Amino acid sequence: PLRRIHPTMSDEALYGGVDLAATLADGAMRRSKGLLEDDAALVLTMAERCPAGLGARLAHALDVPGHCLVALDESLEEDDGLPIALIDRVGLFVDLDGLPYGVVDEDGIDAGDIAAARDRFSTLTLEDSTLAELTAVAARLGIDSLRAPLLARNAARASAALFGRDRVEMDDLELAVELVYSHRAIAFSDIQHEDDHSEPPPPEQESDPE
């Protein structure tokens with residue numbers, strides 16, 4: 001189920017607390033349920049205003065299997081954006097700028113396709129060498145969290161499953177890197193291709209002293 005939350009959400013709303021009205025009516029302690037008590041898809045509106053404290057609480061909830069988070073970040077370039085704890089845990093980053101509201105996917109993916117992809121997902125694996133390369137790419141991009149390559153691995157598997165493939169292909173890996181690494185990367189300018197062995201320029205000749 002979808003549960004909409006906002007940056008000013010209180011701990012009582014998240015974890016539950018004493019239901020004063022029910023306690024007074026029954027003459028015994030009664031507690032209200034919090035939004036995090038049952039597994040849910042949490043939709044965080046105005047995510048760019050999320051304080052560090054709430055970010056830490058949501059990060060802790062995401063570390064336990066069951067919850068997922070959709071963070072609607074409307075920050076500008078000069079804004080702080082999502083707390084670091086959530087950036088490290090949110091899997092995919094999708095830029096919706098310029099996308100018309102209500103646009104329909106041209107591929108026509110429906111609920112049946114997604115259900116079939118979920119069944120196929122468990123059969124798709126990545127070789128250790130491929131996961132090592134994903135980790136190396138993350139390191140070259142300045143990403144020091146080990147969650148990133150693991151998220152990219154799952155994103156590549158999900159892409160292959162969604163498009164009905166029986167193995168993860170390069171297109172799936174490229175899509176995973178684009179969706180998972182781009183927002184985290186901090187060292188684009190430092191990337192160098194390993195196969196770049198161009199010769200250094202010749203030394204300048206000394207000019208005639210006369």
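Residues numbered from 1 in each chain as written. Predicted model: local features only at pLDDT ≥ 70, side-chain atom pairs only at ≥ 80, totals over all residues. Heavy atoms only, no water.

J.: Help me understand the sheet that holds strand β4 (residues 41–44), please; the structure alone is not making it clear to me.
T.: Pairing between the strands of a sheet comes from backbone hydrogen bonds, and it takes one of two forms, parallel or antiparallel. If you trace the three strands from one edge of the open sheet to the other, you get β1-β4-β5, paired in parallel fashion. Every other strand in the sheet has two partners, leaving β1 (2–5) and β5 (68–71) as the edge strands with one partner each. Ignoring which end each strand starts from, the neighbouring axes of this sheet average 25 degrees apart. Pairing between β4 and β5: four bridges, direction parallel. Its bridge partner lying in β5, A41 is registered against C68. (Pairing = 2+ DSSP bridges. Helix = DSSP H or I, 4+ residues; strand = E, 2+ residues; numbered from the N terminus. Axes fitted to C-alpha atoms, helices over the stretch in contact; angles between N-to-C directions.)

J.: Teacher, can you tell me more about the pattern of salt bridges here?
T.: Two side chains of opposite charge can pair, provided their charged atoms sit close to one another. Summed over the entire model, instances satisfying the criterion amount to nine salt bridges. One salt bridge in this structure joins D63 and R89, with 2.9 Å as the shortest N-O distance. Here D63, found in the loop between α3 (52–62) and β5, pairs with R89, found in the loop between α4 (84–87) and α5 (111–121); they are 26 residues apart in sequence, far enough to count as distant. Accessibility expressed as a relative area gives 42% for D63, which makes it partly exposed. We classify R89 as partly exposed; its relative accessible area is 21%. Note that E169 is salt-bridged to R165, the shortest N-O span being 4.0 Å. Residue classification places E169 among the partly exposed residues on the basis of a relative accessible area of 32%. One connected set of salt bridges, linked through shared partners, spans D63, D88, R89 and R147. (Salt bridge = Lys/Arg side-chain N within 4 Å of Asp/Glu carboxyl O. Buried < 20%, exposed > 50% of the residue type's maximum accessible area, 1.4 Å probe, protein only.)

J.: Help me understand the side chain of E48, please; the structure alone is not making it clear to me.
T.: The residue E48 is located in the loop between β4 and α3 in this model. Notably, E48 is buried but unbridged: the nearest opposite-charge side chain belongs to R49, and the N-O separation is 4.0 Å. Looking at E48, its side chain comes within polar contact range of the main-chain nitrogen of E74, at 2.9 Å. Setting aside residues up to four positions removed in sequence, E48 forms contacts with L72, D73, E74, S75 and G81. (Lys, Arg positive; Asp, Glu negative; His and termini not counted. Polar contact = N/O pair within 3.5 Å; in protein donor to acceptor, adjacent residues only side chain to side chain. Contact = heavy atoms within 4.5 Å.)

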